[in-house]
Amino acid sequence: MVNAVKVFKKTAPNGKITVYLGRRDFVDDTLSTEPVDGVVVVDDDYLRGRKVFATVTITYRFGREEDEVMGLHFSKEMQLTAQEIYPTTKKLNATEVQDRLLKKLGGNAYAFAVVIPENAPCSVQLHPGTEGTAKPLGVIYELKVFVGDNAEEKPHKRNSVTLAVRKVQYAPVDQSKRQPSTLVSKNFTFSSGTLNMEVNLDKEVYYHGEHITPSVVITNSSKKTVKGMKCSIVQHIEVTMTNSQFTREVASLQTNEGCPIQPGGRFQKTFHITPHASNKPRFGIALDGKVKDSDVNLAPSTLMREGTNPNDALGIVVSYSVRVRLNCGALGGELVADLPFKLMHPGQGSTKNENGDIVFEDFARLRRGVSVDNQL
């Protein structure tokens, strides 16, 4: 059986420029970022001595467009790089897909690879909370290819090709064997003894769709009674543009099993909880794609390069923790434990498909490679 190689294709409205991409996601492994690579086909009679340029821009929208008043803007657009892709003196090590496209498309096809800066933020979209938001919130990347005399030109939409791409991170291949754990205690006013809770995880990195299994051990050496407990997965979001932080609960389980835990009692329980993008979709939840994508996931944990300061991170920084709450009544209050972990996509291995046929997909109809945009 011969497997087809899917290649995304988009043509400018004037029909003179066509761009082919073998992928839309470009991986940052914290050591380097894959370039945005593809092939462009330009009619000779359209070039007329001009050059072909490619730019990568990032739109950082941190507030809803309908809330903008009196000249206040909640977005910032930056051009990360502009590169001349034809003619070029730089030697390009073409990928397998590029080689096959060049052979198939003929002499007017030119391979390119646009390098993204190392400190560029990862692609993240925030749930708008309503259906009326005109523009998506979060970090959005666009690749634009056009013909001109210099890279500073602003081409008309009719004479250029604009494609949405993403910068993503995957779980590292050499994963840590660390098993996170935390121990918290609570003392009570006018009452002797302490309430202790230990929370453990069997690993540090979990994949999307995988059960997270925190093990909770409660030792009640106080004179208070534990009346109930709640386990939740909390998404921590930092919007660096406004230096604001907030949290969103993306999954939760509440139980009275084993309760009440009387003074001197001890109880142990393992929760099975799965965070998912469809859990309580409300404003601010960070996602890895468009809200209406059928295969959208929660945004993965943001990984930092070794030796870098987390305070220097750009864009939207996402992290996760397991939060366990013990309810000790109106007077006793709560005991809360937070245990950080990482939620990621599994690392992608390199796949070769030398004999597969090339199948072209209309880029405008695809969101992320497998989700179809029915509105276009």
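Structural notes, computed from the coordinates.

Rules used throughout
Residues numbered from 1 in each chain as written. Predicted model: local features only at pLDDT ≥ 70, side-chain atom pairs only at ≥ 80, totals over all residues. Heavy atoms only, no water. Helix = DSSP H or I, 4+ residues; strand = E, 2+ residues; numbered from the N terminus. Buried < 20%, exposed > 50% of the residue type's maximum accessible area, 1.4 Å probe, protein only. Contact = heavy atoms within 4.5 Å. Pairing = 2+ DSSP bridges. Axes fitted to C-alpha atoms, helices over the stretch in contact; angles between N-to-C directions. Core = buried A, V, L, I, M, F, W, Y, C linked by side-chain atoms within 4.5 Å.

**Focus on the overall build of the protein**
Next, step 1: The secondary structure content of the protein amounts to three helices and 21 strands.
Next, step 2: By residue count, 45% of the 376 residues in the protein fall in the buried class.
Next, step 3: Sequence separation of at least 24 residues holds for 69% of the intrachain contacts in the protein that already meet a minimum separation of 6.

**A closer look at the sheet that holds strand 21 (residues 358–362)**
Next, step 1: Strand order in the open sheet formed by five strands is 7-4-2-1-21, and the pairing between neighbours is mixed. A strand with exactly one partner marks an edge of an open sheet, and here the two such strands are strand 7 (109–114) and strand 21. Put simply, the sheet's adjacent strands are angled 30° from each other on average, direction ignored.
Next, step 2: Two strands pair when backbone bridges link them, and strand 1 (residues 5–11) and strand 21 are joined in this way by five bridges, in the parallel orientation.

**Some thoughts on the nonpolar core**
Next, step 1: If you look at the biggest cluster of nonpolar residues, it comprises 74 residues, and the most contacted ones within it are V40, L143 and M197.
Next, step 2: Those residues in contact with V40, other than ones at most four positions away along the chain, are I17, T18, V19, V52, I85, N108, A109, Y110, F112 and V145.
Next, step 3: Among the nonpolar cores identified, the runner-up in size contains nine residues, and Y20, V39, L101 and I358 belong to it.

**As for the sheet that holds strand 20 (residues 334–344)**
Next, step 1: If you walk across this open sheet you meet the five strands as 13-20-19-15-16, and the pairing is mixed. Edge strands, defined here as strands with exactly one partner in the open sheet, are strand 13 (205–207) and strand 16 (244–255). Sheet twist, expressed as the average angle between the axes of neighbouring strands with direction ignored, equals 35°.
Next, step 2: Note that strand 13 and strand 20 share three bridges and pair parallel. Each residue of the ladder has a partner; that of Y207, found in strand 20, is M344.

**What about unusual backbone geometry?**
Next, step 1: With an omega of -10°, the peptide bond running from Y86 to P87 counts as cis.
Next, step 2: By secondary structure assignment, the location of P87 is in the loop between strand 6 (75–86) and helix 2 (96–105).
Next, step 3: Cis geometry marks the peptide bond from C259 to P260, where omega comes out at 0°.
Next, step 4: Its location among the elements puts P260 in the loop between strand 16 and strand 17 (266–270).
Next, step 5: Positive phi is not limited to glycine here, since R48 has a value of about 50°.
Next, step 6: As for its placement among the helices and strands, R48 is situated in the loop between helix 1 (44–47) and strand 5 (51–61).
Next, step 7: Since its relative accessible area comes to 62%, R48 is described here as exposed.

**Considering the pairing of strand 20**
Next, step 1: The pairing of strand 19 (residues 316–327) with strand 20 spans eight bridges and is antiparallel. Residue pairing for strand 20: V322 is matched across the bridge by L339.

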